[in-house]
Amino acid sequence: MIFEGQIRSQMTQSLPQQGVIEVRDLHWAIVAAQYRSLRQAAESLSIKQSTLSRRLLALEHRLGAVLFERTNGGTRPTVEGQEFIESAKQILEYTQSISERLKNRSRGEVGRLTIGVHVSLSAGNFRATLMDFHRRFPEVETRLIDGTGDRLIADLASSMIDIAFILERSSRWDGNSLSVWNERVVVALPEDHPLATHDVVRWEDLRQQPLLLPQRGPGPDFLKLVISKLGQDPCCLLRHDVALDRFLTLVGVGWGILLALEGATGGVYPGVTFREVHDIEGATRLNFRVYWRPMNANPSLQAFLSMLRERYPNVPSNRPFA
């Protein structure tokens, strides 16, 4: 066409012979194809028509193909142009997806968080905290690792986990920490146990009882607690290296009694009932802290810590958030 040929011969003489196609070129080509009018397309882009026209000619020159048919009646994509526009849309959608994902990752909304756990998740604050985090950040892959307080502190130091919820008395830690909540100590009893008839159980009631003791989780801390309350080791310790649900099954069949925290009372276990353990001051409570390395730059950790500060604003921390 004479009109198209005149424009092309005048505009392409000074065009570069090679160059990188920019994302902006793709966007402008898509807009030009949508409006089928360079004037209207340029107005929507808030640029001059001549700027848009020159940019499209430069794009065609780089590609070695005519993308638009230019006439007095408007600008329409050629067959090659239609194929290019469809590919350009896919590229822009993919680029936008990557950009959004990177932005979300930098805000901690996408990524991975490894949490050391020390307690049951069947009820209580820890369960509610995890549920809240998953609701706010559903694209963060959250991984849980169980262990004793000493084990979780070691995992923190070696960067195997990002954060750990541990009984406050468990271990010394030179990194950052935040006090979050406390939980009542309870004892799991067989339903036909004589102590099950009591509203609460006193520490001295446990002196002659066969006590099931976990080797993981808060088991070592419970042993220290029992010794501090009774002034001596329990008369009969039954140690097992199994998870909490196995212990509660053993309680239900009469193998012994089990100290736990109130977070364990959310499940239903056949033949098992729970009672609070009291001393002269009332219910025995143990405090929990979260621990993390100050140099950990995981954005998902920062998002999790911000949520914790929001959920527990009135509990002081021994160090400020990193």
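What comes next is a walk through the structure. (Residues numbered from 1 in each chain as written. Predicted model: local features only at pLDDT ≥ 70, side-chain atom pairs only at ≥ 80, totals over all residues. Heavy atoms only, no water.)

**Looking at the overall build of the protein**
Moving on, step 1. Counting secondary structure elements, the protein contains 10 helices and 13 strands.
Moving on, step 2. Across the 322 residues that make up the protein, the buried fraction comes to 46%.
Moving on, step 3. Put simply, of all contacts in the protein between residues at least 6 apart along the chain, 74% involve residues at least 24 apart.
Moving on, step 4. Counting only carbon and sulfur atoms, one obtains 49% of the accessible surface of the protein, whose full area is about 17100 Å². (Helix = DSSP H or I, 4+ residues; strand = E, 2+ residues; numbered from the N terminus. Buried < 20%, exposed > 50% of the residue type's maximum accessible area, 1.4 Å probe, protein only. Contact = heavy atoms within 4.5 Å. Areas by Shrake-Rupley, 256 points an atom, 1.4 Å probe, with all protein chains shown as cover.)

**A closer look at the side chain of Thr284**
Moving on, step 1. Relative to the helices and strands, Thr284 resides in the loop between β12 (282–283) and β13 (285–292).
Moving on, step 2. You can call Thr284 buried: its relative accessible area is 5%.
Moving on, step 3. Beyond its immediate sequence surroundings of up to four residues, Thr284 is in contact with Glu183, Arg184, Val185, Trp203, Leu225, Lys229, Val277, His278 and Asp279.

**Things to note about the pattern of salt bridges**
Moving on, step 1. Evaluation of the coordinates by the stated rule reveals 17 salt bridges.
Moving on, step 2. Across the pair Arg135 and Asp132 runs a salt bridge, and its minimum N-O distance is 2.6 Å. One end of the pair, Arg135, and the other, Asp132, are both in helix α6 (residues 125–136), 3 residues apart, so they sit about a helical turn from each other.
Moving on, step 3. For Arg135, a relative accessible area of 59% corresponds to the exposed category.
Moving on, step 4. The buried category is assigned to Asp132, whose relative accessible area is 9%.
Moving on, step 5. Residue Arg136 is joined to Glu310 by a salt bridge in which the shortest nitrogen-to-oxygen separation is 3.0 Å. Taken as a pair, Arg136 in helix α6 and Glu310 in helix α10 (residues 299–311) lie far apart in primary sequence, 174 residues in all.
Moving on, step 6. Beyond isolated ion pairs, a larger network of salt bridges with shared partners links Glu22, Arg24, Asp25, Arg55 and Arg62. (Salt bridge = Lys/Arg side-chain N within 4 Å of Asp/Glu carboxyl O.)

**Quick word on the packing of aromatic side chains**
Moving on, step 1. Overall, the coordinates contain 8 aromatic pairs when judged by the stated rule.
Moving on, step 2. For the ring pair Phe133 and Phe304, a centre distance of 4.9 Å and an interplane angle of 80° mean the geometry is edge-to-face. Residue Phe133 is found in helix α6, and its partner Phe304 is found in helix α10; the two are separated by 171 residues along the sequence. The same class applies to Phe133 as to Phe304, namely buried.
Moving on, step 3. Centre to centre, the rings of Trp181 and Tyr312 are 5.5 Å apart; their planes meet at 50°, and the pair counts as tilted. With Trp181 in strand β6 (residues 176–190) and Tyr312 in the segment after α10, this pair connects stretches of sequence that are 131 residues apart. With respect to burial, Trp181 and Tyr312 carry one shared label: buried.
Moving on, step 4. These aromatic residues form a ring-pair network of at least three members: Phe126, Phe133, Phe137, Phe165, Trp181, Phe288, Phe304 and Tyr312. (Phe/Tyr/Trp six-rings, centres within 6.5 Å; stacked < 30°, edge-to-face > 60°.)

**So, unusual backbone geometry**
Moving on, step 1. We note that Arg36 has phi near 55°; this positive angle belongs to a residue other than glycine.
Moving on, step 2. Looking at where Arg36 falls in the secondary structure, it is placed in the loop between α2 (23–35) and α3 (38–45).
Moving on, step 3. The backbone of Ser159 sits at a positive phi, close to 65°, despite the residue not being glycine.
Moving on, step 4. Along the chain, Ser159 turns up in the loop between α7 (149–157) and β5 (163–167).

**Considering the pairing of β13**
Moving on, step 1. In terms of residue burial, β13 counts as a mostly covered element, since 6 of its 8 residues are buried.
Moving on, step 2. The pairing of β5 with β13 spans 5 bridges and is classified as antiparallel. Counterpart to Ile163 in the pairing with β13 is Trp292.
Moving on, step 3. Note: β6 against β13, 8 bridges, orientation antiparallel. By the bridge assignment, Ser179 is partnered in β13 with Arg289. (Pairing = 2+ DSSP bridges.)

**Quick word on the environment of Ala58**
Moving on, step 1. Within the secondary structure, Ala58 sits in helix α4 (residues 49–63).
Moving on, step 2. Taking relative accessible area as the criterion, Ala58 reaches 9% and is therefore assigned buried.
Moving on, step 3. Once the C-alpha coordinates of Ala58 and Asp25 are considered, the two residues, 33 residues apart in sequence, prove to be 9.3 Å apart.

**Considerations on the pairing of strand β1 (residues 68–71)**
Moving on, step 1. By the alternation rule, side chains of β1 split into Phe68 and Arg70, which are all buried, and Glu69 and Thr71, of which none is buried.
Moving on, step 2. Where β1 lies against strand β2 (residues 74–77), 4 bridges are found, and the strand directions are antiparallel. By the bridge assignment for β2, Phe68 is matched with Pro77.
Moving on, step 3. Between the end of β1 and the start of β2, which pair antiparallel, lie 2 residues.

**Considerations on the packing of α6 against α10**
Moving on, step 1. Where α6 contacts α10, the two axes come as close as 11 Å, and the packing angle between them is 125°. The pairing of α6 with α10 is recorded here as oblique in orientation. The hand of the α6/α10 crossing is right-handed. Touching Asn125, Ala128, Thr129, Asp132, Phe133 and Arg136 of α6 are Ser300, Ala303, Phe304, Met307, Leu308, Glu310 and Arg311, all from α10.
Moving on, step 2. Of the residues contributing to the contact of α6 with α10, the split by class is 6 nonpolar, 3 polar and 4 charged. (Axes fitted to C-alpha atoms, helices over the stretch in contact; angles between N-to-C directions. Parallel < 35°, antiparallel > 145°, perpendicular 65-115°, else oblique. Left-handed = near helix turned anticlockwise from the far one by under 90°. Nonpolar A, V, L, I, M, F, W, Y, C, P; charged D, E, K, R; others polar.)

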